[in-house]
Structure formats: C-alpha cells, structure tokens
6 protein chains.
Amino acid sequence: MLLALATGAEIEAHLERSKTVVIPIGSNEQHGPTGLLGTDWLCPEIIAHEAQKTSDLLITPTFNIGMAQHHLDFPGTIALRPSTFMAAIGDWARSLAHHGFTRLYFLNGHGGNVATIEAAFSEMYAEASFAGRERGFACRLRNWWDLKGVMPLASRLFPTGHGSHATPSEIAVTQWAYPDSIKSANYAPQIAPTGPIREARDFRARYADGRMGSDPGQASPEKGGELVAKAVEGLIADVAAFSAA
Amino acid sequence: MLLALATGAEIEAHLERSKTVVIPIGSNEQHGPTGLLGTDWLCPEIIAHEAQKTSDLLITPTFNIGMAQHHLDFPGTIALRPSTFMAAIGDWARSLAHHGFTRLYFLNGHGGNVATIEAAFSEMYAEASFAGRERGFACRLRNWWDLKGVMPLASRLFPTGHGSHATPSEIAVTQWAYPDSIKSANYAPQIAPTGPIREARDFRARYADGRMGSDPGQASPEKGGELVAKAVEGLIADVAAFSAA
Amino acid sequence: MLLALATGAEIEAHLERSKTVVIPIGSNEQHGPTGLLGTDWLCPEIIAHEAQKTSDLLITPTFNIGMAQHHLDFPGTIALRPSTFMAAIGDWARSLAHHGFTRLYFLNGHGGNVATIEAAFSEMYAEASFAGRERGFACRLRNWWDLKGVMPLASRLFPTGHGSHATPSEIAVTQWAYPDSIKSANYAPQIAPTGPIREARDFRARYADGRMGSDPGQASPEKGGELVAKAVEGLIADVAAFSAA
Amino acid sequence: MLLALATGAEIEAHLERSKTVVIPIGSNEQHGPTGLLGTDWLCPEIIAHEAQKTSDLLITPTFNIGMAQHHLDFPGTIALRPSTFMAAIGDWARSLAHHGFTRLYFLNGHGGNVATIEAAFSEMYAEASFAGRERGFACRLRNWWDLKGVMPLASRLFPTGHGSHATPSEIAVTQWAYPDSIKSANYAPQIAPTGPIREARDFRARYADGRMGSDPGQASPEKGGELVAKAVEGLIADVAAFSAA
Amino acid sequence: MLLALATGAEIEAHLERSKTVVIPIGSNEQHGPTGLLGTDWLCPEIIAHEAQKTSDLLITPTFNIGMAQHHLDFPGTIALRPSTFMAAIGDWARSLAHHGFTRLYFLNGHGGNVATIEAAFSEMYAEASFAGRERGFACRLRNWWDLKGVMPLASRLFPTGHGSHATPSEIAVTQWAYPDSIKSANYAPQIAPTGPIREARDFRARYADGRMGSDPGQASPEKGGELVAKAVEGLIADVAAFSAA
Amino acid sequence: MLLALATGAEIEAHLERSKTVVIPIGSNEQHGPTGLLGTDWLCPEIIAHEAQKTSDLLITPTFNIGMAQHHLDFPGTIALRPSTFMAAIGDWARSLAHHGFTRLYFLNGHGGNVATIEAAFSEMYAEASFAGRERGFACRLRNWWDLKGVMPLASRLFPTGHGSHATPSEIAVTQWAYPDSIKSANYAPQIAPTGPIREARDFRARYADGRMGSDPGQASPEKGGELVAKAVEGLIADVAAFSAA
C-alpha cells in the first residue's frame, strides 16, 4: 500500500497487522551525461512501489533529497547538509513512531547517504538512551543494491564498468521505469575514473562528466527490469526478517 | 521539464533560457475519511507536472513533507517541526541558487505551511542581509488555490462546504489524477466544524474525523480536471510574471 | 497590571483570576524620514499599557526586537534572524506556561513578524504534539491594526497614502505617546512606492527613504489618540474572547 | 539619545561622531516580596536613559529578558535558555556592527547574565577568528553596580544586608524611578540566606521568598537617586574610556 | 611530535615540512567485565604516540569521547550525541585548517564512531561546496584495526571469539600499554552473543556483560605489543600515502 | 581512580561510595615561546591524577579542548566555539548524571573557559527548571589556581611577572610533570604586556609572542612540584566540601 494514496483510517487498519513501514530514500543529483537527476530516489521508489503490488508492504512518500554536497557543482543537484538531513529523518521517524510504527525500514538509493542516515539513527537512539526509554523501536538502512541477489546479478550483467556513481545498474532501473526519458551520449573515457569524494570543486575536477568508475552505456530497460525483479524479491524477504527481529 | 527526469546538462541548458524554477511543496497528512494522505503534496505536483507539458517550466522533485504537527494524532501524518522545515527549505534553495537560479517559485498545497515557508524565506534573506549580499535573488510562495481563477471556480463548483481542510477542491484534484484511489465514506456531519488550529490533541478533539469546514462528498474527478486546468493556466502566467519581476 | 512593575506574589494572585497574559511584540527598525526606530514595538506597548489602566489585563515587558532583516541597510535597525526570534519567543512562552498561563496573547506591531511568530507557535505546538501533551494551552497573534475598528478608523483618517510601512497610523500613535519626539521632513515622493520585500540591499534600492506606500505627513498626535482609543477598546474585547475560547 | 525615539537618519549622523552604542541589558525575574519583576532590566535602563540626558551616549532599546532559569518557580519570571540568549545577543550585535558600530557596551543589571553574555561575546569573536576577520570590533560588559563609585556608595548606604539578589541598591533605584510602584512587606528573616545557585526547584527550596542575602527593607527612593547619580557619572566615564580603547 | 607537548613555534616549523596532522579519536565506554572504559581512545592514542617516536608524524591531543549512546546503561560511559560530536569534530578541523593543515587524518578506535565522523566530514565539505571554496583540503578516517596487516594478525592471534566490542585485540593493546591496569573475570558465556545495536536499554538487554561476540580472555600484553607494532607500521605508511594523495 | 583505566563494574562500585566525579577540563592553545600547547589541560590532569593516588577521587578522561578562539592565529591552537563547547559539556554531564552521579566537579585549567562552562551549567539547569525536575544535581567549576593555598604560593614563588596567560605557575606545573619537554627562549620583553581579549587577529597584534603579563622564565620543575602538592591538597578538600554540600 502506498501511504500517500491511503487514508488515515487505512493506515490505522494497517497498524493492526504490522508495525513496519518502508521509507524509500535517495538523492537528487547529477548522474553523468545520461543518468537522470532523480536516479537515486527513483530507484528505491520504483522497487518499493513494485514490491507493494504483491505484498502487504506499506510505503511512505519518497524522501527524495539527500546528502549530495559533492555534486553541487553540477546543475540540478539539490543537497541537504548532513545536519539538516538528520533533523528531517528524525522528524519523519518521530512522526511514524508516534503512530505506533516500531520498525522503520529505509530503502536507500544513494551511497553518499549512508553515513548520515546511520548518524541520524544514532541521534534518535541517543535521545532514547539519555531518556531511559524502553526498547522496542528500531530503524534499518538497506541500500537497494545490497538486497539479496542484486549485486550478483549486476556483476553478471555488467562484469566491468559498474563503478559506484551513475552505474549501469541504477541507470537501467530508471530506463525500465521511465522509458520515455532514456538519454544517450558518448562517454569519454568509456569507463570513468575512480577516487575519493571530497567537496564539490574537487569532485568536478576529478570526475569531469560526473560519473565514478562506471560505463552507463551498458544499461538497458530489460536489464533494469531484471534488477527490479530481483530487488523486489529481496526487499520483501528483508522487510519480513526485519519485522520479525 | 521535470528536473528529476533530466540530466545535469539539460539543466545547464535550461539555465541559459531561464533562471526560474518551480518547487511543488506540500504536506503528507490525514485528509478526513476519504482524502488521500498525500493530498497536499499531490495537488501542487499534479498541477506543476501538467503545466510543464505545455510550457517551458522547470519543475523540481516535490517537497512532500511539511508543517503538519496538528495532524499527528491521525495515523499516516508525517510532520517536520518548523525549524527542521526551514533548514530543509534553506538547503533546497541554496542548492538551486548555487546553480544560478535567481527565481524560486514554491507552489504550495498546504495552508499550514505558509507561515513556516515565509519564515524560511526570511531566514535566507537575513543571511544575505547580514552578509551584505547583492540583490537579485528572490523566492515566492503561491498556494495553488490562490492562482488566478481557481477560487472563483471552486466557489462556483462548491458554493457551500468548501472549508479549509480536506476541501472538495483538493480531493477533486487528486480524484482526477488518481482515479483508482477514490475513496468513499459517510460524513457526519456533512459539513465539518471550523475553529482554531493548535496542537495534535486539541485538533483531534475538535475535528473528530479530521476535516475542517468541508464537505468532500461534493468532489468528482471531472471537477478536479476543471480545477487543474484553471490552475495550470494561472501557474504559467504567474511564473512568467515572477520571472520578469 | 504591568508585569514588570509587579512582584511575583502579585502575579501569583493574578493567576487565580486569569490564565491570560498579553505580550506586546514588535520590532526596532527604520521608519522612514520621520518615523521613530521604535515605532513597531512602541505602538503595541502604548496600546497595551493604556488598556491595562482600565481593565484587568496583565502586560509583560515588550518584546522589542523582531524580524527586520530587510531594514538592515538603514542605520538603527536591530534584527533577529527568524530562527533566533522563534527560539526566543519559545522561551518566553515556555516561561509563562511554566507559571500556569494557558492563553498567551501576542499584540504585534510589525507585519514582518507575522510569519515568524506563527512559525514559532507551530514549533511549540509541534513539541506538544510529538510529546502527546494534553490540550489546553494556546497562543494568539493579533496585529494592533487588526483589532476591531482600527482599520476602518485608519481608512477614514488617511483615505490615501496609508501604505504598509511607516504608515501615518503608526506614526500618529507614537506622536500621541511621545509628543517630544515628533520629527518632520519633506517627503519625495509624497506617497512612497510599493513592491515586494526581499533582503536589505533590495529593500533600500526599492524604497530609498525607507517608506512603503505611505505618506506619514498626515499623522498627528490627535489622530494617534483616536487610534489608540479604538485599539484599546478592541484589545480588551479580543483578549476577553480569547480567554474564553 | 534614545535610539528608539530617533530616526535612521539621526543614527547615521551619530555614527559620524561616534561608533559606540550602549545596550541596557537585564532580566525579568522575581525579586523577593517587594522587588519589581522588572528590577534587573529597569535599573540599567534607568541609568542609561538618565546618562544620555547629559551626554552624547546613544542608548538602544533595553534587552529585557535574560538568564533567569533559577527563578522560574516564582511566577512572573521570564527566562531565556543560555543558548537562546546568546543567539539573540549575537543578532543584536551583528545588526549594530552592520551599521558601523565598533564598540558595543552592554550595561548589565543581572549577575546571572554575566557568564552567558561573556560566552555570547566569545561566540562572536570566534566567528571572527575562524573567518580571519580584521580587528577593530569590540564588546564590553559592565554591571551597573561595578561602575566606579557605586559599590562604595552602596556599602555606605547599606553596610549590612546588601546581599546579591533583591538587593536594597537595586530596589532603591527602581523606587526612585517608579515611586508609584513601591511595595512593602515584612521580611522573615530580615536578611535572607545565601548559598549556591542551581536549578529552579533548588532555588525556591533554599530561598523561600526569593531574596539572596539581602534586606531590601533598607531601600528608599532617595538612596536610589544617589545610586543613579553615581552610576550615571561612572557610566559616562566608562563608555568614554571604552570608546577610546 | 606530540602537539600538546610542543610550542606554537614548533608547529609553525612543522607546517613548513608537512600539512598533515593525525588526530587519535575514540570513545570512553564500557568494555565488558575486564576491558578498560578508555579502551577505544587509548588504543589509537597508544598507536599514534608510538608511531611518532620513529617518524615525523604530528599527533594532536586525543579526541576521547565519541558516539557511545548504546553503552549508556553501563556506568562510566560518556557519550556525545551525533550532532554534538559533529559540531566538535568540525571545530577541531576548522582550527587545524586555520593553521594551514590540509590533510587531517583521524585514527579511530571505535566502530560506533564511523558513521558520525563521516557525516561530520560531509558537513564540512558541504560548507565548502555551498561556499564554492577551492579544493585542497581533505579528511580521512581510518580505524586502527583496518591499518595494513592488523586484522590478519588479529585473526592469527584470535582465530575465534574476536567479536566486535571488547575484542581481545583492543584489550591486548591496552594491556601492553597499561600493564598495571589488567583486570580479570570469568566470562559467561566465554564468547559473547552478537546482534544489532540500538539504544541503551536494548543493548544492555542483549549484551548482559557488555561484550559483543568477543572472548577477551585471550588477550595478553605480548599480543598487544605485536598488534601495536603492526599498527604503527601501517599507520606510518597510510599517513604518507594520504599526505601524497 | 582513573575512570578510563577502570571497568564499568568498578564505577558501579564507586557509585555505592560516592556520587561525585571530577572532570579535568582545559584547552589546547599556544602558551608563548616556551609553554606547551597542552598546558591548560595538562595542568588540571596532572593535579587530578596526582590527587587520586592518595584519595578516593574518581577522575574522568580530560576534556582537553576548550574556548580558545583568541589564540587561533597561533599554530597548534584547537578551539571549540562556545556553542559547541556547551553542547559537549552538556553531553558529558548528562552521561554522568545518567549513571547516578549528582556532583560534577570540573577542575579547570583555562581562564578563557570560565564563562562558557558556567553558561553550560546554566543551560543544563535551565533544562531541569523548564521540566520542573527535582533538585539534587549540581555542577561546580573550580580553576586549579583558585584551590586553597595555590595563589598565595604562586605569589610567593613569582612575586612579579605572574600574568594571566603562559604564567610561570602553569609552565612550572608542566615542567614538573614533563621534564623532557622543557623549552627555553629569550623573552622580549621579559614581562609580557596586558590588555583585553578579543578575536584572534587582535590578540596576536597585542601579544606578539602569545604571553599575557607573564614572565615564564621564572618557572622550574621544583616550583611546579610545590604548586602541584598544594593544589592536590586543596582539591581533595574542595571536592569533599562539594560532595557534602
């Protein structure tokens, strides 16, 4: 069920069945010459929306802006400072906890979000610890590519040039879902360089067209469909395990 | 153009033509027995997405969580504290300004957001004022129902029982866009009570089923379509005026 | 009763009779060639102090600095950033609530304060909502010119050139209370221009002498006295209604 | 000159003569059975307003709420948390610095404010230090009772029972300025106990009627007048020295 | 060189040779029945201090309190909330950058710190990115057990029961450095359970004696000495590589 | 007992005997041509560690970075902004209070810390006061040179040229504890100038070699030993008095 397309009463009923909620979370940032700016929030949204068609998952609206400071020198990127990001995650979580949800599962689409989301969880836990609050509430972060079976499939589909930003995997997933928005370009070099992530000037100097280690030219909607199917399967199982933990 | 479905290069090109960007902004909160939780962010998103089909508007992803603290005792509501909301709006705006946008147009779908969004603008302007920054950057907030022609149409469509929360106007707009998610219920009373807005307990005590002054039973997808059409027209004109100001 | 000229015991006794307290709130900012820098906090202070002479209103010290960032390029203006302003309003309110006051009535003298004060209220309500606090505590914001009868009187006294900043109304009120501080100047143009409010540089560029839409030359102490009398009447009635709500 | 009763142009002219401004700062808090709640902000205001009658001092509006958390269990006290207080002092100071003032002289009326005001200065200096800003801007804090000659006079007027809160000195100053608000009560014991300052519960338990070490019964308007005269003299000299430093 | 035992002039001279500085960072938290509360800050301190004896590394004082909220229900733990931790890391880093250091190497001793330290780096980079600052400044986080050769050695020394908290590795390192503080106890079970980390109540319920997955009984000062030697070697090489990057 | 070299169980046992804990707190900042950068945190650490050898004092790790913004233009200084410093002190204190400590004794080594530490205490007390928390928790700040007998001894050892920064007293204490790190230099002038403390540029302009009013050339390890012995005696007595208060 998509929370945004439900009524409050339907959520109240869902809470009778389950205390778990899935929050797709990502980032809106440049993804190289052909990747969509929305890639990192579209991927978890696509997977989560697909998963709820065949399961009783409850999916919140997508948290679509994340920790993308290093991409700020490419137009279209929208970034939250980590402190802002943490405050917002905290308010989302406190709202959901207020309703009785005790298992918040964040399905993440952006590697750059990981540290800050984990720090946001710690901030909430710290609040509980200092207050001596009872146990029972838990958050989990899962990158969609870490769902069971996804990386093996990606490695099979893209044995070289997968990289870590503007990967053919994520581009393929958006191509599958948004076939009208498939872009093309020449890549030079075919596989982008790799290196560290620092601030925006440094990033643009190192990664001239925005990609990191990837050759997105290998993406196709069909491969995207395969990845989505695998991720959906993994998500449903992983959420079930988390709900039971 | 939808920013999320564009590449960084396409945004760079857009900036050659226009320094204006439209940010749909709303809230995810209970909307009575039949309104969708997403109503307040779906409405500006629907209108903005529709508008960019026939104009050169650039639409960012939707800012989908807002100042909804008073609805927190109804399940499904997700609320940002005003301080968090302001920090996040600030980071969105600073990101867009970083790219060279000088006109940020926030198309709002939630009355409860207005004060906080305006305060967020003032916070940004204050930053500029203390720093002695050059003039040239501007933000504008517009509620979609305040676009030219929309309220007259709403008054004609719903001469009584329009109210201010879970209004037949906003319900109709979502019905038009999401016909598969149309809900039904009996309303008792047919027109909900009105009164002040305070904290969540008080709100639920005053407005038992979550509506304020409205009779959403009057909504229909057709009326929603009329409202969207009128709003699209108003939006295109209003953004043009703002860009020129 | 003026809280600052009372003892703690006198406030304790007042709380037996009433849980309502009035907080004059304004701003210290340029008011054109002849307006006093204190105009926006002096006006609500003047009205509130006058009102407590003939009623049982309890008036706190005046909150004399507000959201005046746009006036910063005119000397003498003192401005709080919205985030600071909200924190301070919150601490005032929490202090008063700590004593048992449940109705905080903010009598405001500055239009630029409105959004931030409302956001500050929402921040406090959000704190209560997240904590699941009982209902019963309420804040109200009222601009003194929105008190019953004041604007009709102002329109009658100043049919043209009232404007929105450095208005003849507010200048007249301060002239009535501070006759030794009446200033004079030539206005060019007689009625100031109008337009949007952004940051300080933009404001000074648009409004060269600091006025917005007004002709303060029409002010007189007598007219000020009439306005004060009308506002006092409106205030006493409005506070009574709020206390009973 | 009182800044609040001046126009922006008058402040502009003052800046030609002097870059110094005096900010009366205090607290609104219980002052025992007979002391006014406003005592700690009224005293510096009284002295500063008096001083500007015979000198070219520029006096801002009074910062009337301070660090009074320990008095919160006595009705009428309004307290800012230190973090809020510091933010507000910072905004006042940044506003005044924006206009070109380089010497901010805070005339303080509340011992409990000292640490926080000094911390606020350090916060501003730290901002300058991290930014590598040029030297030239300075803040000074002076308690009015530390002005030259004041404590010797107080010791002579009140050889015993001066104490540190609700002192006969400060009560006398307000009696001189507000003769219509002189209160009376029996004190038991005549001289209040002394001890540490912690949080509000502890304070009320230790200091049942709110005084610390004082016998305010010794106050009189005449003694207040003597103290004001001495303080005015000291203030004018001290500000001159600071301006020249 | 230990920065704390040097003069400012010696640091000035060091900056002529190198722009790199090493910051030992850890946590002060319970480490099971026999581990020292300081284990997580002592380990990086021990290794860094040892390393500077035979190399030109500059070592700051140890950042000895970290993100330890989950250990708060065990006495002696001192924890910073992530937001506080980030602010403090930021101020340390800004101070060092102010002197001209461009490579800040954080040698970490606590797994629970990782996300927050990385988020703190992002916060600083974001500040630089929004400001459009030049590239050239970089932070690196390295856990001492991730230094080259350390985990292989640990696996050889402790093939089972290494675990993740109160590990025999870290206990051994402190035993080597503080032989007078070696403690003993019976462990039941010999190897502690594993599981997730949430807030303090949950942690103490899951991990009754505070260990996670470890058997610290295998530690010895000699093994500690071996680990330190290996870590020192790895540290010197890793810092050299970072300085050159 | 040194908390960092104890186990959680040992702290639990200590809490049976005493609810008091001593926190050495200082700063890491330039101390003139010959003073160690760590002087201000080393001194309280040295004294506290020495004291616990002959008494039942419990000593936490040293809070080694403080309010040192004015020294930032001398390399090696690491400074926390007051707001950061207060947040960190608050988290230390809340952690210790969580374990049941009710008397937190901060032994301070840096005059520049005083205002901010006191403000941090007030921030915590304010939290308690607004929440209506029970009395019983207390913090105390003591500069080591204000311990009984220390200043008289210092005045005898250094009748002139003691000064307030890089004093012969503090240098002597570090010389006694770190005889291998004794530095020498010519001082010109022999006794440094005195004056106000503002931001870093101003500080370096006024105090070219970093000293304030001092002649550190008079320090010797022997004098340091005398000072430590006197301070240890004073500390044990002062903590006992605080615990009993």
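Remember, predicted model here, so these are calculated numbers, not experimental data.

Colleague: It is not clear to me how the arrangement of the chains should be interpreted in this structure. Could you clarify?
Modeller: Where chain C comes nearest to chain E, the C-alpha atoms are still 18 Å apart, and the two do not contact one another. Across the gap from chain B to chain F, with no contact made, the nearest C-alpha atoms are 18 Å apart.

Colleague: Sorry if this is basic, but what is going on with the interface of chain B and chain A here?
Modeller: Buried accessible area, meaning the area lost when the parts come together, often serves as the stated size of an interface. Each partner contributes residues to the interface: chain B has 49 residues there, and chain A has 49 residues. Of all residues in chain B, the largest losses of buried area upon contact with chain A belong to B:L5, B:P75 and B:I78, amounting jointly to 16% of the total for that side. Connecting chain B to chain A are four salt bridges. The shortest N-O distance in the salt bridge between B:D91 and A:R81 comes to 2.9 Å. Inspection of the region where chain B meets chain A yields 26 residue pairs in polar contact (both at pLDDT 80 or more). Looking at the side of chain B that touches chain A, the elements with two or more residues in it are α1 (8–17), α2 (39–51) and α3 (82–98) of chain B. With nine residues, α3(B) is the single largest residue contributor to the side of chain B that touches chain A.

Colleague: What's the story with the pattern of salt bridges in this structure? I'm lost.
Modeller: Where side chains of opposite charge bring their charged atoms close, a pairing between them can arise. Enumeration according to the criterion identifies 78 salt bridges over all chains in this entry. Close ionic contact of C:D73 with C:R201 constitutes a salt bridge, the shortest N to O distance being 3.9 Å. One end of the pair, C:D73, is in the loop between α2 (39–51) and α3 (82–98); the other, C:R201, is in helix α7 (residues 200–206), with 128 residues separating them in the sequence. With a closest N to O distance of 3.5 Å, F:R133 and F:E127 form a salt bridge. A relative accessible area of 33% means that F:E127 is categorised as partly exposed.

Colleague: Looking at this structure, I do not really get the sheet that holds strand β3 (residues 138–143) of chain F. What am I missing?
Modeller: The pairing of strands in a sheet comes from backbone hydrogen bonds and takes either a parallel or an antiparallel form. Residue and element names in this part refer to chain F. Here we have three strands laid out as an open sheet, ordered β1-β2-β3, and parallel in their pairing. The outermost strands of the open sheet, each flanked by one partner alone, are β1 (20–25) and β3. Pairwise comparison of adjacent strand axes, ignoring direction, gives a mean angle of 20° for this sheet. Pairing geometry for strand β2 (residues 103–108) and β3, over six bridges, is parallel. Within the sheet, the bridge partner assigned to F106 lies in β3 and is L141. Here helix α4 (residues 114–131) sits on the sheet in contact with β1, β2 and β3, set at roughly 175° to β3. Contacts from helix α8 (residues 221–244) reach β1, β2 and β3, with the element oriented near 150° to β2.

Analysis parameters
Residues numbered from 1 in each chain as written. Chains lettered and ligands numbered in written order. Predicted model: local features only at pLDDT ≥ 70, side-chain atom pairs only at ≥ 80, totals over all residues. Heavy atoms only, no water. Contact = heavy atoms within 4.5 Å. Buried area = accessible area lost by both parts, 1.4 Å probe. Salt bridge = Lys/Arg side-chain N within 4 Å of Asp/Glu carboxyl O. Polar contact = N/O pair within 3.5 Å; in protein donor to acceptor, adjacent residues only side chain to side chain. Helix = DSSP H or I, 4+ residues; strand = E, 2+ residues; numbered from the N terminus. Buried < 20%, exposed > 50% of the residue type's maximum accessible area, 1.4 Å probe, protein only. Pairing = 2+ DSSP bridges. Axes fitted to C-alpha atoms, helices over the stretch in contact; angles between N-to-C directions.

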